[in-house]
Amino acid sequence: MTSDAYIFRLSTVNLKSVSHLSRPRNERAQQYLFDANEAESWMSEQELYMMVEDRRKNETSARNFMKKYESLEAAVEAYADTIRGLGVTVKTLSAEGHPVAEQVAVKQSQLDKL
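What you are looking at is a predicted structure, and each value in this text was computed from that prediction instead of being measured. (Residues numbered from 1 in each chain as written. Predicted model: local features only at pLDDT ≥ 70, side-chain atom pairs only at ≥ 80, totals over all residues. Heavy atoms only, no water.)

(A) Geometry of the overall build of the protein chain. Along the backbone of the protein chain there are four helices and zero strands. Scanning the protein chain from its N terminus toward the C terminus, one meets helices and strands in the order α-α-α-α. Summing over all exposed atoms, the protein chain offers an accessible surface of approximately 7,900 Å²; the carbon and sulfur share of this is 54%. (Helix = DSSP H or I, 4+ residues; strand = E, 2+ residues; numbered from the N terminus. Areas by Shrake-Rupley, 256 points an atom, 1.4 Å probe, with all protein chains shown as cover.)

Right, here's the structure in full:
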C-alpha cells in the first residue's frame, strides 16, 4: 500500500470514528484528500510529459516543441492556484483542530514539493 493510499485510508477511518464533528468539516477534509490526490496525479503526468526525450531534428520540430513547452508551462502555472487553494483548506482544517489536520498538512507538503 502506498503512503498516499495509507493516509487516505487512515483519514477515512479517522473521519468515521469522530462522530461529534460536523458533517461539512468531514466532507471538506475528504474533498481535500480527493483533490490533493488528483493534483498529485496531474502533476506527475506533466512531469512525465516533460521527461519524454524528443530530439528535434530541424527548426520546425524545435519550434513545435517550444510551443508545447510554453503551453505546458502556462498550464502548470495556472494549476499552482489550485495547489494554493488546497493549502488554504489545510490551514482552515488545522485552525479548526480537525483530527486529520496533521495528515493533510503532510500531504500538502508533498504537493508543494512537486
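(B) Molecular detail of the pattern of salt bridges. Under the criterion given, the structure shown has four salt bridges. Residue Arg63 pairs with Glu59 through a salt bridge whose shortest N-O separation is 2.1 Å. You can see Arg63 and its partner Glu59 sitting in helix 3 (residues 59–95), four residues apart, about one turn around the helix. Overall, the relative accessible area of 47% leaves Arg63 in the partly exposed class. A relative accessible area of 54% places Glu59 in the exposed class. (Salt bridge = Lys/Arg side-chain N within 4 Å of Asp/Glu carboxyl O. Buried < 20%, exposed > 50% of the residue type's maximum accessible area, 1.4 Å probe, protein only.)

(C) Region of the structure containing the packing of aromatic side chains. In total, this model carries one aromatic pair according to the counting rule given. Plain terms: the ring middles of Trp42 and Tyr79 are 4.2 Å apart, the flat faces sit at 20° to each other, and that makes the pair stacked. Of the two residues, Trp42 is situated in helix 2 (residues 23–51) and Tyr79 in helix 3; the sequence distance between them amounts to 37 residues. (Phe/Tyr/Trp six-rings, centres within 6.5 Å; stacked < 30°, edge-to-face > 60°.)

(D) Structural view of the nonpolar core. Among the nonpolar cores identified, the biggest contains 13 residues, and Tyr32, Ala39, Ile83, Leu86, Val104 and Leu111 are the most heavily contacted of them. When contributions to this core are tallied by element, the ones reaching two or more residues are helix 2, helix 3 and helix 4 (101–113). (Core = buried A, V, L, I, M, F, W, Y, C linked by side-chain atoms within 4.5 Å.)

(E) Main features of a nonpolar patch on the surface. On the surface, Tyr49, Met50, Met66 and Tyr69 cluster together into a nonpolar patch covering about 360 Å² of accessible area. Elements that contribute at least two residues to the nonpolar patch include exactly helix 2 and helix 3. Inspection of the secondary structure assignment puts Tyr49 in helix 2. (Patch = residues over 30% accessible without salt bridge, like charges linked within 9 Å, V, L, I, M, F, W, Y side chains within 5 Å.)

(F) Looking closely at helix 4. Taking 1.5 Å per residue as the helical rise, helix 4 with its 13 residues ought to reach 18 Å, and the 19 Å between its terminal C-alpha atoms agrees with that figure. Within the sequence span of helix 4, burial applies to Ala101, Gln103, Val104, Lys107, Gln108 and Leu111. When helix 4 is viewed along its axis, its buried side chains cluster within an angular range of 160° and face the same direction. Counted as exposed and oriented over 90 degrees from the buried face of helix 4: Glu102, Asp112 and Lys113. (Expected span 1.5 Å × (residues − 1). Arc of directions from axis to C-beta.)

(G) Structural detail: helix 2. With 29 residues, helix 2 extends 42 Å from end C-alpha to end C-alpha; this agrees with the ideal 42 Å at 1.5 Å per step. Here helix 2 has its buried residues at Arg25, Asn26, Ala29, Tyr32, Leu33, Ala36, Ala39, Glu40, Met43 and Gln46.

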